[in-house]
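Next come the chains, spelled out residue by residue.
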Amino acid sequence: MTRLICILPVLGLSLAFGQPAINLNGVTNAASYGAGTLAQGSYFVIYGRNFGAAAGPVSLLPLPTLLGGTGVNIRSAVNSQTYQAFMYYVTPGQLAGIVPSTVPIGRADVSVVAGGTASVVQSVNIVRASFGIFTVNSIPNGQAIVQNFEPGPPATVQINQYMRPARP
């Protein structure tokens, strides 16, 4: 009877969360939402399900490679090595992190690992640079988020807006 009691919580946990799954074209540039291409050292967002419990956003550096029991593996087709992404936040259906700058340029397979279970991989192209810019309305078009540093005292950092342009 003791064995059964110990096994049931583990089975319940795996059935409750299930295998993580990445949506079709769910690996995206965090700023442009472009799917399928990630730059070395870039910020990405992955959309899917069963990514684990919410954790983050991380506020201290260095960013961890495992957050709340969830991580992202990037396996390079160039050298067959697996790199762990740096995690920023995790929710059950979305996570964000940074591609290590050491991942070689070329094809790679991305998988989400949650609670020790890996998703089916999704292939991406790793490139040296890929432009993306964050916008105020968080969609791929609109006013860019550009910050103005205003020397003090007190020093401030404000978002550049139509009514608050940068000073020369």
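Up top is the structure these notes are about.
Residues numbered from 1 in each chain as written. Predicted model: local features only at pLDDT ≥ 70, side-chain atom pairs only at ≥ 80, totals over all residues. Heavy atoms only, no water.

**Some words on the pairing of strand β7 (residues 94-98)**
The pairing of strand β3 (residues 43-49) with β7 spans five bridges and is antiparallel. Counterpart to Phe44 in the pairing with β7 is Gly97. Pairing geometry for strand β6 (residues 86-91) and β7, over five bridges, is antiparallel. Looking at β7, one finds that Phe86 is bridged to Ile98. Here β6 hands over to β7 after two residues, the two strands then running antiparallel side by side. (Pairing = 2+ DSSP bridges. Helix = DSSP H or I, 4+ residues; strand = E, 2+ residues; numbered from the N terminus.)

**Here's the deal with the sheet that holds β7**
Pairing in this open sheet of four strands is antiparallel, and the strands run β1-β3-β7-β6 from one edge to the other. The open sheet has two free edges, formed respectively by β1 (21-29) and β6, since each of these has just one partner strand. Across this sheet, the average inter-strand angle for adjacent strands is 15°, counted without regard to direction. Sheet topology note: the β1/β3 ladder contains five bridges and is antiparallel. Across the sheet, residue Ile22 finds its bridge partner in β3, namely Gly48. (Axes fitted to C-alpha atoms, helices over the stretch in contact; angles between N-to-C directions.)

**So, the environment of Pro140**
In this structure, Pro140 sits in the loop between β10 (122-127) and β11 (147-150). Between the alpha carbons of Pro140 and Ser32 there is a distance of 5.4 Å; along the sequence they are 108 residues apart. Among residues more than four places away in sequence, those in contact with Pro140 are Ser32 and Tyr33. (Contact = heavy atoms within 4.5 Å.)

**So, the pairing of strand β8 (residues 106-114)**
By the bridge criterion, seven bridges tie strand β4 (residues 70-76) to β8 in an arrangement that is antiparallel. Bridge assignment links Arg75 to a residue of β8, and that residue is Asp109. Bridge count between β8 and β10: five bridges; the pairing is antiparallel. Bridging from a neighbouring strand, Val110 pairs with Gln122 of β10. By the bridge criterion, two bridges tie β8 to strand β9 (residues 117-118) in an arrangement that is antiparallel. When the sheet's bridge partners are listed, Val113 is paired in β9 with Ala118. Connecting the antiparallel pair β8 and β9 is a turn made up of two residues, with Gly115 showing a positive phi of about 60°.

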